[in-house]
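An overview of the molecular structure
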Amino acid sequence: MQDKYGKQGKKEKLYELSERQKQILAVIIRHTPADYKIIVKETGKRRTTIFQSLQPLLKHHFVVAEEVYPEQKNTKLIFKITQKGLFYCISFLNMDYDELRLYSALFTCNSTR
């Protein structure tokens, strides 16, 4: 990628997901919107482990976190898949497109990153 001066730009490195992150992504797709309680129950991991594994997914825009009641100080977080996360599942996790289409009917996040 070159800028207007002909210099090489920085290439964006593709982020590779760990097996645990792939598992969490699959749970979020099946249970849209998913909260910590659902993810902990489905994966069998502790909440702190889930929190640590979710941070890169949020940073790289595979999922988004939304507050259930934003006006309250401590509110429940729910996680929704983004388009990037959905396309990742179709491409790399070998999930069936027709099955994902059923889940994506609940897909309301329009992130383009």
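Coordinates for the structure precede this section.
Below: a short report on this structure. (Residues numbered from 1 in each chain as written. Predicted model: local features only at pLDDT ≥ 70, side-chain atom pairs only at ≥ 80, totals over all residues. Heavy atoms only, no water.)

Quick look at the overall build of the protein chain
Applied cut-off: Helix and strand definitions follow DSSP, with helices as H or I runs of at least four residues and strands as E runs of at least two, each counted in order from the N terminus. To sort residues, take the accessible area from a 1.4 Å probe on protein chains only and compare it with the maximum for the residue type: under 20% means buried, over 50% means exposed, and anything in between is partly exposed. All accessible-area figures derive from a Shrake-Rupley calculation using a 1.4 Å probe, and residue coverage is judged against the displayed protein chains alone.
When you go through the protein chain residue by residue, the secondary structure sums to five helices and three strands. Here the protein chain holds 113 residues, and the buried ones make up 33% of them. Looking at the protein chain as shown, the accessible area adds up to about 8,200 Å², and 50% of this sits on carbon and sulfur atoms.

Let's talk about the environment of Lys 37
With respect to the secondary-structure elements, Lys 37 resides in helix α2 (residues 36-43). Once the C-alpha coordinates of Lys 37 and Arg 47 are considered, the two residues, 10 residues apart in sequence, prove to be 8.2 Å apart.

Quick look at unusual backbone geometry
Of note in the backbone geometry, His 61 takes a positive phi value of approximately 65° without being a glycine. With respect to the helices and strands, the residue His 61 is situated in the loop between α3 (47-59) and β2 (63-67).

Regarding the packing of aromatic side chains
The cut-off we apply is this: The aromatic pairing rule takes the rings of Phe, Tyr and Trp, using the six-membered ring of Trp, and pairs them if the centres are within 6.5 Å, calling planes under 30 degrees apart stacked, those over 60 edge-to-face and the rest tilted. Charge-over-ring contacts are defined here by two conditions on Lys NZ or Arg CZ: a distance within 6 Å of the ring centre and an angle within 35 degrees of the ring normal.
Evaluation of the coordinates by the stated rule reveals three aromatic pairs. With a centroid separation of 5.2 Å and an interplanar angle of 85°, the aromatic rings of Tyr 36 and Phe 79 are classed as edge-to-face. Here Tyr 36, found in helix α2, pairs with Phe 79, found in strand β3 (residues 77-81); they are 43 residues apart in sequence, far enough to count as distant. The class of Tyr 36 is buried, set by a relative accessible area of 9%. Both rings, one in Tyr 88 and one in Phe 92, keep their centres 5.0 Å apart while their planes meet at 40°; by these two values the pair is tilted. One end of the pair, Tyr 88, and the other, Phe 92, are both in helix α4 (residues 83-92), four residues apart, so they sit about a helical turn from each other. One aromatic cluster is present, formed by Phe 62, Tyr 88 and Phe 92 through successive ring pairs. If you follow Arg 47 out to its NZ or CZ, it ends over the ring of Tyr 36, 4.1 Å from the centre.

Digging into α2
For the α-helix, the turn length of 3.6 residues means that residues three or four positions removed from each other point alike. Short version of the rule: Arc definition: it is the arc formed by the directions from the helix axis to the C-beta atoms. When checking whether two residues touch, look at their non-hydrogen atoms; a contact exists if any pair is within 4.5 Å.
Three or more residues of α2 are buried, namely Tyr 36, Ile 39 and Thr 43. Buried residues along α2 cover an arc of 65° about the axis, so they all sit on one side. Away from its buried face, by an angle of more than 90 degrees, α2 presents the exposed residues Lys 37 and Lys 41. If you follow the buried residues of α2, they end up packed against α1 (19-30), β1 (34-35), α3 and β3. Phi turns positive, to about 75°, at Gly 44, one or two residues after α2.

Focus: the pattern of salt bridges
Rule in force here: Counted as salt bridges are all cases of a side-chain nitrogen of Lys or Arg within 4 Å of a carboxyl oxygen of Asp or Glu.
For the structure shown, the criterion picks out three salt bridges. The salt bridge partner of Lys 22 is Glu 19, with a shortest N-O separation of 3.5 Å. Of this pair, Lys 22 and Glu 19 both sit in helix α1, separated by three residues, roughly a single helical turn. Overall, Lys 22 belongs to the partly exposed group, its relative accessible area being 22%. A salt bridge links Lys 76 to Asp 35, with the shortest nitrogen-to-oxygen separation between them at 3.0 Å. One end of the pair, Lys 76, is in the loop between β2 and β3; the other, Asp 35, is in strand β1, with 41 residues separating them in the sequence.

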